[in-house]
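# Summary of the model geometry
Here is what each chain is made of, one letter per residue.
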Amino acid sequence: MLRLPEKGMQHLSSRRCEIIKLSRSSALIGILTQFQLPQNFYLDIPSARIPLIGCLLRRVHANNIIEARFLRLLSERDLDRIFVYSTHPNHRNRTLDIYR
């Protein structure tokens, strides 16, 4: 889910998006890019219970994909949580370590 700052467009505040590629410092996100996207926004991942990751827009591609850089590094635990709740075929056998 994509959340934008108060100055951003309100109709995009709860827009669904797809995380295509993810690292600790950045992500490739699939979202309709026909609107003017703000330079900074919040990424909310409710299924993994990770609220409000601050992001900066780096590049907008023509095929509805954006590159975003995180304002802080994601922890390994956060990455594992995202991968466990992902529906991507490469993440099927991931399990969550509850002792971390």
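So, here's what we can say about the structure.

Calculation notes
Residues numbered from 1 in each chain as written. Predicted model: local features only at pLDDT ≥ 70, side-chain atom pairs only at ≥ 80, totals over all residues. Heavy atoms only, no water. Helix = DSSP H or I, 4+ residues; strand = E, 2+ residues; numbered from the N terminus. Contact = heavy atoms within 4.5 Å. Salt bridge = Lys/Arg side-chain N within 4 Å of Asp/Glu carboxyl O. Core = buried A, V, L, I, M, F, W, Y, C linked by side-chain atoms within 4.5 Å. Buried < 20%, exposed > 50% of the residue type's maximum accessible area, 1.4 Å probe, protein only.

As a further point, take the overall build of the protein. Within the protein one finds 1 helix and 6 strands. Its helices and strands taken in sequence order, the protein reads β-β-β-β-β-β-α from the N to the C terminus.

The next subject is the environment of L73. With respect to the helices and strands, the residue L73 is situated in the loop between β6 (65-70) and α1 (76-84). In contact with L73, other than residues within four places in its own chain, are R24 and S25.

One pass over the full model with this rule turns up 4 salt bridges. A salt bridge links R59 to E67; the nearest nitrogen and oxygen atoms lie 3.7 Å apart. Note that D78 and R72 form a salt bridge whose closest N and O atoms lie 4.0 Å from each other. Linked by salt bridges that have partners in common, R72, D78 and R81 make up one network.

Moving on to the nonpolar core. Nonpolar side chains tend to gather and get buried jointly when the protein is soluble and globular. Ranked by size, the top nonpolar core spans 21 residues in total, and within it L22, L43, I53 and F70 carry the most contacts. Counting residues per element, the ones that place at least two in this core are β3 (26-30), β4 (40-45), β5 (50-60), β6 and α1. For this core, the leading source of residues is β5, giving 4 residues.

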